[in-house]
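Residue-level listing of the chains:
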Amino acid sequence: MNDYRSESPKILIDFLSYHESVQGHSSQTVDEYFLDMRSFLRYMKQRRGLASMDDKPDSISIQDITLDFVSSISLSEIYDYLAYLARNKQLSSSSRARKVSSIRSFYKYLTNKTHQMENNPVQDLDFPRLKKSLPRYLSLDESIQLLESVDGENKERDYCILMLFLNCGLRISELIGINVMDIRENTVRILGKGNKERILFLNDGCKQAIADYVVIRNAMTLIDKDAFFVTSRKTRITRAAVHKMVKKRLLEAGLDSSIYSSHKLRHTAATLMLQNGVDVRTLQEVLGHENLNTTQIYTHVDSENLRIAARANPLASMRAKKLPENKG
């Protein structure tokens, strides 16, 4: 994590501390807020002539930013910043939308939470239009192919990780955060986004995978005794290590590792559950989505339901009359 306290003005330190301590956001989320706001404030300093346009952004300090400065920033200036990101930095609409979210959160904190500002200049700030794309996911046969191909070093651990991804739809941060005490006979306690806990039930396949891995794990002399998933170095497995493992196992299974990832396994779990009768509200609870709209994207990938809907139309059995041949 970046040391935002050494680089930020007090107004930004207070905002980031609020998200870290009061909102309970992860260090990764707080870090993203910091990077977004630092980029925004550096640009505004250049735009206002407080830093040279020839200066490299990394060389521009924001420690002198004051409440008066951020209060004076107009909505049109913020749109100029977003245009700069799209034109000069060539950021995607999703990346720009994240920066908009950070800016909106910052000004909401100053107006609604701490009342340091009376008017919110970004109240009417629009998000960039996002391309609505369906999530990629493995088919059932591809999922079985992936699991059946796991072999060699760390096979029990890797198989167990893949089973939890594919059956429970875990985020990678949730998986690496699992502790030994979080697993009971048929449940696992998950710490999700915003430090929100949820309990997931384990099916027989997951319970067997866990039992097989536990035998291997218990034979190790561990440095981190709390962590459930560990590396050969006896410490908690990292996000990077999981990403690398999933890519490796996909390649070994003959699947395209350039389009699939650990997060795509979460998509796979969601899709397979929907295809097999799990309703969308239950799926919302399983995935730990705060908003039902986030879950509903998976309802658009169940092609079997779309085929059923097409066949259910009363005009489905209509046949066009054969037109007479044109002899002209």
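The rules behind the values
Residues numbered from 1 in each chain as written. Predicted model: local features only at pLDDT ≥ 70, side-chain atom pairs only at ≥ 80, totals over all residues. Heavy atoms only, no water. Axes fitted to C-alpha atoms, helices over the stretch in contact; angles between N-to-C directions. Helix = DSSP H or I, 4+ residues; strand = E, 2+ residues; numbered from the N terminus. Parallel < 35°, antiparallel > 145°, perpendicular 65-115°, else oblique. Contact = heavy atoms within 4.5 Å. Nonpolar A, V, L, I, M, F, W, Y, C, P; charged D, E, K, R; others polar. Buried < 20%, exposed > 50% of the residue type's maximum accessible area, 1.4 Å probe, protein only. Phe/Tyr/Trp six-rings, centres within 6.5 Å; stacked < 30°, edge-to-face > 60°. Lys NZ or Arg CZ within 6 Å of the ring centre and 35° of its normal. Core = buried A, V, L, I, M, F, W, Y, C linked by side-chain atoms within 4.5 Å. Expected span 1.5 Å × (residues − 1). Salt bridge = Lys/Arg side-chain N within 4 Å of Asp/Glu carboxyl O.

(A) Representation of the packing of helix H3 (residues 27-47) against helix H6 (residues 93-113) within the structure. Two numbers describe how H3 lies on H6: the axes approach to 9 Å, and their chain directions differ by 90°. With respect to their mutual orientation, H3 and H6 come out roughly perpendicular. The residues of H6 that touch H3, namely those facing Glu 32, Tyr 33, Asp 36, Met 37, Ser 39 and Phe 40, are Arg 98, Lys 99, Ser 102, Ile 103, Ser 105, Phe 106 and Tyr 107. Of the residues that constitute the contact of H3 with H6, the class distribution is six nonpolar, three polar and four charged.

(B) Up close: unusual backbone geometry. For Gln 90, which is not glycine, the phi dihedral falls at a positive 55°. Following the sequence through the fold, Gln 90 ends up in the loop between helix H5 (75-87) and H6. At Lys 234, a position not held by glycine, the phi torsion is positive, near 75°. Given the relative accessible area of 27%, Lys 234 is considered partly exposed.

(C) Just the packing of aromatic side chains, in detail. Applying the stated criterion to the full structure yields twelve aromatic pairs. By way of ring pairs, the aromatic residues Phe 15, Tyr 18, Tyr 33, Phe 106, Tyr 107 and Tyr 109 are connected into one cluster. Stacked on the ring of Phe 69, the Lys or Arg Arg 48 has its end atom at 5.3 Å from the ring centre.

(D) Structural context of the nonpolar core. Leu 146, Leu 164, Phe 165, Leu 170, Leu 175, Ile 178 and Phe 229 are the most contacted members of the largest nonpolar core, which totals 47 residues. With eight residues, the single largest contributor to this core is helix H8 (residues 155-168). Counting 34 residues, the second largest nonpolar core, distinct from the first, contains Ile 13, Tyr 18, Leu 41 and Ile 62.

(E) Up close: H3. Its 21 residues place the ends of H3 30 Å apart at the C-alpha level, agreeing with the 30 Å of an ideal helix rising 1.5 Å per residue. One or two residues past the end of H3 sits Gly 49, with phi positive at roughly 80°.

(F) Representation of the pattern of salt bridges within the structure. Overall, the coordinates contain 20 salt bridges when judged by the stated rule. Salt-bridge contacts for Arg 189 lead to Asp 182; the nearest nitrogen and oxygen are separated by 2.8 Å. Judged by relative accessible area, Asp 182 falls into the buried class, the value being 8%.

(G) Layout of helix H12 (residues 262-275). The first and last C-alpha atoms of H12 sit 20 Å apart over 14 residues, in line with the 20 Å expected at 1.5 Å per residue. Of all 14 residues that make up H12, eleven are buried, and the element is covered over most of its length. Taken residue by residue, H12 has Ser 262, Leu 265, Arg 266, His 267, Thr 268, Ala 269, Ala 270, Thr 271, Leu 272, Met 273 and Leu 274 as its buried positions. Considering only its buried residues, H12 is in contact with helix H7 (140-148), H8, helix H9 (172-176), strand E2 (197-201), helix H11 (239-252) and helix H13 (280-287). Of the residues one or two after H12, Gly 277 is the one with positive phi, at around 100°.

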